[in-house]
Amino acid sequence: MIPMEPLLIYKALSNETRRQIVEWLKNPADHFDDTKHLEEGLTLQIGVCVADIQTKSGLAQSVISSYLSTLEKSGLLESERVGKWTFYRRNEETIQEFSEYIQKQL
């Protein structure tokens, strides 16, 4: 397990869109269409496709890819490659660890 780095998490969450992405992925069924990848047997449980996050944000794909990379490097997100798609989901373990850090340190 990679140790949590609070400064990377603070930086990742300092951008409103990155914070929103983490929020959207908390309950992806509330924010994304689950039917797009069903014919391939993929559901939102595996995560949300980069293209769907990009569409929801309204930002360029390159910007969203950069944001997702920042969130993944901070430990807030995990990714999984399935075929030609990359899916992102929250890393609940790191989020819980960060929450406990906040409660103890601040």
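Under an unreviewed UniProt entry, the name given to the chain is Transcriptional regulator, and the source organism is Paenibacillus pini JCM 16418.

Draft legend 1. Inspection of the pairing of strand β3 (residues 85–90) at higher detail. Judged from the 2 bridges that link them, strand β1 (residues 48–49) and β3 form a sheet pairing that is antiparallel. Of the residues in β3, the one forming a bridge with Cys49 is Phe87. In the sheet, strand β2 (residues 77–82) pairs with β3 via 6 bridges, with the strands oriented antiparallel. Counterpart to Ser79 in the pairing with β3 is Tyr88. Taking the residues between adjacent antiparallel strands as the criterion, β2 and β3 are bridged by 2 residues, where Gly83 takes a positive phi near 60°.

Reading guide: rules and limits
Residues numbered from 1 in each chain as written. Predicted model: local features only at pLDDT ≥ 70, side-chain atom pairs only at ≥ 80, totals over all residues. Heavy atoms only, no water. Pairing = 2+ DSSP bridges. Helix = DSSP H or I, 4+ residues; strand = E, 2+ residues; numbered from the N terminus.

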